[in-house]
Amino acid sequence: KLHECDAYLAFRNVKNYAPLAGLVIPKRRRPQDPDGLKKADVALLEDMRRIALEVCQREQPEAFAANDYWLRFHRRPWHSVDHLHLHVLAPASKVSSWTAFIFLAGSPWSLDADALLEKLRRSRE
């Protein structure tokens, strides 16, 4: 385990995308649909992002200090687990070309956590 509290769990991914390949999930099940989240979900995403950053800072302090990490969600239908999960990958500079491709921000496959939070904060819903 990388983190556990009443509401969230963070653990290592079985797929070693990077030296730190972690997942942050809410314990209460939510479908893996980051594009379907609403403004009411901002607090949930802020918590997940905060936990991911804490894990990154603890597990990969040099990558954290250099902003050499990614916080990304898989978009539907490109995920293998239908439970909302945020990937924390660090150092991002060490990921393979294939991993970089599937986690490319703004691609049809993945969504950057900060971009999603900004979108939801500006949303009227």
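Bear in mind the structure is a predicted one, so any value in this text is a computation, not a measurement.

Things to note about unusual backbone geometry
Then, number 1: In this model, Ala90 is joined to Pro91 through a cis peptide bond whose omega is -15 degrees.
Then, number 2: With respect to the element layout, Pro91 can be found in the loop between strand S5 (86–90) and helix H3 (97–102).
Then, number 3: With phi around 55 degrees, Asn67 is a residue other than glycine that occupies positive phi space.
Then, number 4: Tracing the sequence through the fold places Asn67 in the loop between helix H2 (61–65) and strand S4 (70–74).
Then, number 5: Residue Asn67 is classed as exposed on the basis of its relative accessible area, which comes to 57%.

What about the packing of helix H1 (residues 42–59) against helix H4 (residues 113–122)?
A pair of packed helices can be characterised by two numbers: the angle between their axes and the separation between those axes.
Then, number 1: Across the interface, H1 lies against H4 with an axial gap of 10 Å and an inter-helix angle of 155 degrees. In terms of their interaxial angle, H1 and H4 are classed as roughly antiparallel. For H1 against H4, the interelement crossing comes out left-handed. Listed contacts from H4 to Val42, Leu45, Glu46 and Arg49 of H1 are Asp114, Leu116, Leu117, Leu120 and Arg121.
Then, number 2: For the contact of H1 with H4, a count of residues per class yields five nonpolar, no polar and four charged.

Quick look at H4
Along an α-helix, residues three or four apart share an orientation, since each turn contains 3.6 residues.
Then, number 1: All buried positions along H4 are accounted for by Ala113, Leu116, Leu117 and Leu120. Projected onto a plane normal to the axis of H4, the buried residues spread over an arc of 100 degrees and lie on a single side.
Then, number 2: Contacts made by the buried residues of H4 are with H1, S4, S5 and strand S6 (110–112).
Then, number 3: Where H4 begins, the side chain of Asp112 points an oxygen toward the backbone nitrogen of Asp114, at a separation of 3.0 Å.

Brief notes about the sheet that holds strand S1 (residues 3–4)
Then, number 1: With respect to topology, six strands assemble into an open sheet ordered S1-S2-S3-S5-S4-S6, the strand pairing being antiparallel. Because the sheet does not close on itself, it has two edges, and the strands there are S1 and S6.
Then, number 2: Here H4 sits on the sheet and contacts S4, S5 and S6; the angle it forms with S6, its principal contact strand, is near 70 degrees.

Digging into the environment of Arg76
Then, number 1: Tracing the chain through its elements places Arg76 in the loop between S4 and S5.
Then, number 2: Looking at Arg76, the relative accessible area reads 39%, which means it is partly exposed.
Then, number 3: Considered as a pair, Arg76 and Asp35 are 41 residues apart in the sequence and their alpha carbons are 8.2 Å apart.

Re the packing of aromatic side chains
Then, number 1: Considering all chains together, one arrives at one aromatic pair under this definition.
Then, number 2: Both rings, one in Phe64 and one in Tyr69, keep their centres 5.8 Å apart while their planes meet at 15 degrees; by these two values the pair is stacked.
Then, number 3: With relative accessibility at 22%, the residue Phe64 sits in the partly exposed group.

Remarks on the environment of Lys1
Then, number 1: Note on placement: Lys1 falls in the segment before S1.
Then, number 2: Lys1 gets classed as exposed once you look at its relative accessible area, which sits at 75%.
Then, number 3: For Lys1, the residues in contact, after removing those within four places along its chain, are Leu9 and Ala10.
Then, number 4: In terms of polar contacts, Lys1 uses its side chain to reach the side chain of Glu4, at 2.6 Å.

Each value, and the rule that gives it
Residues numbered from 1 in each chain as written. Predicted model: local features only at pLDDT ≥ 70, side-chain atom pairs only at ≥ 80, totals over all residues. Heavy atoms only, no water. Helix = DSSP H or I, 4+ residues; strand = E, 2+ residues; numbered from the N terminus. Buried < 20%, exposed > 50% of the residue type's maximum accessible area, 1.4 Å probe, protein only. Axes fitted to C-alpha atoms, helices over the stretch in contact; angles between N-to-C directions. Parallel < 35°, antiparallel > 145°, perpendicular 65-115°, else oblique. Left-handed = near helix turned anticlockwise from the far one by under 90°. Contact = heavy atoms within 4.5 Å. Nonpolar A, V, L, I, M, F, W, Y, C, P; charged D, E, K, R; others polar. Arc of directions from axis to C-beta. Polar contact = N/O pair within 3.5 Å; in protein donor to acceptor, adjacent residues only side chain to side chain. Pairing = 2+ DSSP bridges. Phe/Tyr/Trp six-rings, centres within 6.5 Å; stacked < 30°, edge-to-face > 60°.

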